[in-house]
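Observations on the three-dimensional arrangement
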Amino acid sequence: MTSVRWWDVAFGGSLAVMAAVAALYPSDGSLGGALVTLAALGLAYLGFGRRGIRLAGEVMPKMSASGLAFLATVVLGCGVGAAFTPNLATLQAIGFPVIWVLVGSYAGAVGMSAALAVSVGLGLTFSLGGTPAAAVEAIAIEAISLIFAVALGTWMTRIVAAGERHRRLLDELTRTQDELAALHRAAGSSAERERLAREIHDTIAQTLTGLVMLAQRARGELTAEPVHVPAALTSIDLIETNAREALTETRALVAALSPVRKPGMGLVGTILRLADRFTKETGIQTDATVQVGSLGREVEVVLLRCVQEGLANVRQHSGAGAASVLIEQIGLKVELTVSDDGRGLGAPRVDPNTGFGLAGMRDRVLLVHGDVQLGARSAGGTVLRVTVPVPSANALTTVNA
């Protein structure tokens, strides 16, 4: 309702129609005054009415001076026009909407509507002869006009208020969506950092731990009496091999954050290779048995990382002479068991150096809806058991090392 172009058409059209009516049905000596009144209203609209309506459309906190001046002109002009000819009382049909658009408060709009009705009523009384009968007729007409104007204005006000509420709700919804998106991005970044921390702990950190232990072993072999040169050379060869694998793992993490596998090597080959390397590094005789088919990349990554973490705990804490890795499908679940004959770990605990050991393993297993258990073997030592659901029907494959 506050579009200036709409008001150009509405107000200009109303003046043109009223001018035509005044010309076609003139009262005695009233035509000139009626046309002057209409011209004055048109000039007032062009001079400051359009500006007042435009400012009202910008939701000004108070009515502008332009709007106030135009409002006074409309109230006075409609009354003067009706005084020249009763036909110009119809101008109030455009005057009432002007009031409801320009006046900022409901009570103010009702009051100004009453003022317009009084002005037009006085004009009608005068143009109808100024008799008591003319006054009664004018009062009846304006009472009906005022009631209709207030009803229509109330309806308009409620529509505008509802639109404003909807706009505020939409703005709040948009802000909430933006906040949720920001929180989602933050949560995603946090989850990604945690995932990267687990990846680094399960790959590079463990390989570097092995390098440290091999370096310590080589130092002991070189400083022993007599010097064990062949054994030291073997340790140095393992250091070089592991360092190259650490470099490969680092490149893989940077490139795709995926498990390090040789071309064509699946989970079975990777587990067997890991057990063989662990035996060479630590001297702990380690056998591996894999009795599963294709499990899907996500589950295979989880199992591989759990094997790495389990063997890392055997290396660092067990003092074992032998260890075993078993992966088998039991019904609709795949069970991984890493056991040793060492002194045992006791209750499950978080890696004190990094804080990502067993806790990180549990987080990783939960991602595939699995379970982790760590405890003592009945025959002595420690057993780590990881159970994950089978993603789909698999053909069993059995490989031993």
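Residues numbered from 1 in each chain as written. Predicted model: local features only at pLDDT ≥ 70, side-chain atom pairs only at ≥ 80, totals over all residues. Heavy atoms only, no water.

Quick look at the environment of Ala 312 now. The residue Ala 312 is located in helix α9 (residues 297-318) in this model. Judged by its relative accessible area of 5%, Ala 312 is buried. Residues Ala 312 and Gln 206 lie 106 residues apart in sequence; the distance between their C-alpha atoms is 6.7 Å. (Helix = DSSP H or I, 4+ residues; strand = E, 2+ residues; numbered from the N terminus. Buried < 20%, exposed > 50% of the residue type's maximum accessible area, 1.4 Å probe, protein only.)

Let us now look at α9. In this model, α9 (22 residues) spans 30 Å end to end at C-alpha, consistent with the 32 Å of a helix rising 1.5 Å per residue. Burial analysis of α9 places 18 of its 22 residues in the buried class, the great majority of the element. Just beyond α9, the residue with positive phi is Gly 319, at close to 65°. (Expected span 1.5 Å × (residues − 1).)

This part is about the packing of helix α1 (residues 4-24) against helix α4 (residues 92-102). A pair of packed helices is characterised by two quantities: the angle between their axes and the separation of those axes. In contact at an axis separation of 10 Å, α1 and α4 are set at 145° when each is read in the N-to-C sense. Note that α1 runs across α4; the crossing there is left-handed. Between α1, through Trp 7, Ala 10, Phe 11 and Ser 14, and α4, the contact on the second element is made entirely by Ile 94, Pro 97, Val 98 and Val 101. Across the contact of α1 with α4, the residue classes tally to 7 nonpolar, 1 polar and no charged. (Axes fitted to C-alpha atoms, helices over the stretch in contact; angles between N-to-C directions. Left-handed = near helix turned anticlockwise from the far one by under 90°. Contact = heavy atoms within 4.5 Å. Nonpolar A, V, L, I, M, F, W, Y, C, P; charged D, E, K, R; others polar.)

With respect to burial, strand β3 (residues 333-340) is a largely interior element, 7 of its 8 residues being buried. Looking at chain direction, strand β2 (residues 322-330) and β3 are connected through 8 bridges and run antiparallel. Residue Ile 330 lies in a different strand from β3, and its bridge partner there is Lys 333. Turn length for the β2-β3 hairpin, with the two strands adjacent in sequence and antiparallel, is 2 residues, and the turn residue Gly 331 shows positive phi of about 65°. (Pairing = 2+ DSSP bridges.)

Among the secondary structure elements, Asn 242 is positioned in helix α7 (residues 229-255). For Asn 242, a relative accessible area of 0% translates into the label buried. Among all residues touching Asn 242, those that are not within four sequence positions of it are Thr 207, Leu 211, Leu 214, Arg 277 and Glu 281.

Bringing the confidence of the model for the chain into the picture now. When pLDDT is averaged across the chain, the result is 80; 84% of the residues are at 70 or more. This stretch, residues 255-261, has a pLDDT under 50; its non-local contacts, to residues over four places away or in other chains, come to 21 contacts. Of the regions scoring below 50 in pLDDT, residues 347-355 engages in 12 contacts with residues more than four places distant in sequence or in other chains. (pLDDT = per-residue confidence, 0-100.)

Moving on: the pairing of strand β5 (residues 382-389). Among the 8 residues of β5, 6 are classified as buried, and the element is accordingly described as predominantly covered. Pairing geometry for β3 and β5, over 7 bridges, is antiparallel. For Glu 335, the partnering residue across the bridge sits in β5 and is Thr 387. In the sheet, strand β4 (residues 371-376) pairs with β5 via 6 bridges, with the strands oriented antiparallel.

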